[in-house]
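A look at the structure
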Amino acid sequence: MAVHALADRLRRLPPSCGTVRLVGIDGHAGSGKTTFAGKLAAALGDAPVLHLDDIASHQELFSWDGRLLREVVEPLRRGATAHYRPYDWRARRFGPPRPLPPAPVVLVEGVGAGRRVLRPRLARLLWMDLPCEEAWARGRSRDGEEQREFWSGWVEAERRHFAEDPSRPFADLLVRQSAQGYEVLPGPAGTVGPDQPVTDGDGSAPLC
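Residues numbered from 1 in each chain as written. Predicted model: local features only at pLDDT ≥ 70, side-chain atom pairs only at ≥ 80, totals over all residues. Heavy atoms only, no water.

Structural notes on the overall build of the protein
- On a plain count of helices and strands, the protein comes out with five helices and 10 strands.
- Residues counted as buried form 46% of the 208 residues belonging to the protein.
- Restricting to contacts in the protein with at least 6 residues of sequence separation, those with at least 24 account for 69%.
- Of the roughly 10,700 Å² of accessible surface on the protein, 50% is carried by carbon and sulfur atoms. (Helix = DSSP H or I, 4+ residues; strand = E, 2+ residues; numbered from the N terminus. Buried < 20%, exposed > 50% of the residue type's maximum accessible area, 1.4 Å probe, protein only. Contact = heavy atoms within 4.5 Å. Areas by Shrake-Rupley, 256 points an atom, 1.4 Å probe, with all protein chains shown as cover.)

Here it is in structure tokens:
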């Protein structure tokens, strides 16, 4: 019920990127972004989903923002079909171009979906509200021993990214998963300015 109610709310938003309502789904790796994005896309009538795992690469874990703006956001803003080359994490190379046509709602899911350069084009920013250590444990369990070395480097890279460019303080909505489904709550957006330092409330920097 929460997912369908959210889909109805998103459809009624004004466009944020040309004719598109671009919706970011951010959160720590392993927090359930991809699964939730799939359910939300289905509730939206099979809305397109851009997975940021297709945009990032081993060489550019988080420094892909220029490519995202150039290949995806700018074409959608003009009303054109975007084209991007999905990255193959096992072959370590980019594949053939994949189209992303403008649609009433386009979901962008992945770590960094709420980053500073993308937020002005988002109609809404959602944050999967799961603590980092719990999310990372789920991610490691999901990916198995094969990705153990990758996860060691990823955790530190993600910590650095969110320390420099946090998303959660600017989230419009928080999404929490339970055994019964999902709960969608108001987020902290608007409580801090775009250039205001973000802390955990006791004056310390965010832990992750």
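Digging into the packing of aromatic side chains
- Counted by the stated rule, this structure contains five aromatic pairs.
- Relative to Trp-89, the ring of Tyr-87 has its centre 5.0 Å away and its plane inclined at 90°; by these criteria the two rings are edge-to-face.
- Overall, the relative accessible area of 25% leaves Trp-89 in the partly exposed class.
- Taking 5.4 Å as the distance between ring centres and 75° as the angle between the ring planes, the aromatic pair formed by Trp-127 and Phe-162 counts as edge-to-face. Residue Trp-127 is found in strand β8 (residues 124-128), and its partner Phe-162 is found in helix α5 (residues 148-164); the two are separated by 35 residues along the sequence.
- Trp-127 sits in the buried class, given a relative accessible area of 4%. (Phe/Tyr/Trp six-rings, centres within 6.5 Å; stacked < 30°, edge-to-face > 60°.)

Considering the sheet that holds β8
- Reading across the sheet, the six strands line up as β2-β7-β1-β8-β9-β10 and stay open at both edges, with mixed pairing between neighbours. With partners counted over all chains shown, the strands left at the sheet margins are β2 (49-51) and β10 (181-186), one partner each. The average undirected angle you get between the axes of adjacent strands in this sheet is 25°.
- With six bridges connecting them, strand β9 (residues 173-178) and β10 associate as antiparallel partners. Looking at the pairing, Arg-176 lines up with Glu-183 of β10.
- Sheet strands touched by helix α2 (residues 33-43): β1 (21-26), β2, β7 (105-109), β8, β9 and β10. Its angle to β7, the strand with the most contacts, is close to 170°. (Pairing = 2+ DSSP bridges. Axes fitted to C-alpha atoms, helices over the stretch in contact; angles between N-to-C directions.)

Points about the side chain of Arg-115
- Along the chain, Arg-115 turns up in the loop between β7 and β8.
- A distance of 2.7 Å separates a polar side-chain atom of Arg-115 from the backbone oxygen of Phe-62.
- In this structure Arg-115 touches Asp-26, Phe-62, Trp-64, Asp-65, His-161, Asp-165 and Ser-167, once residues within four positions along its chain are discounted. (Polar contact = N/O pair within 3.5 Å; in protein donor to acceptor, adjacent residues only side chain to side chain.)

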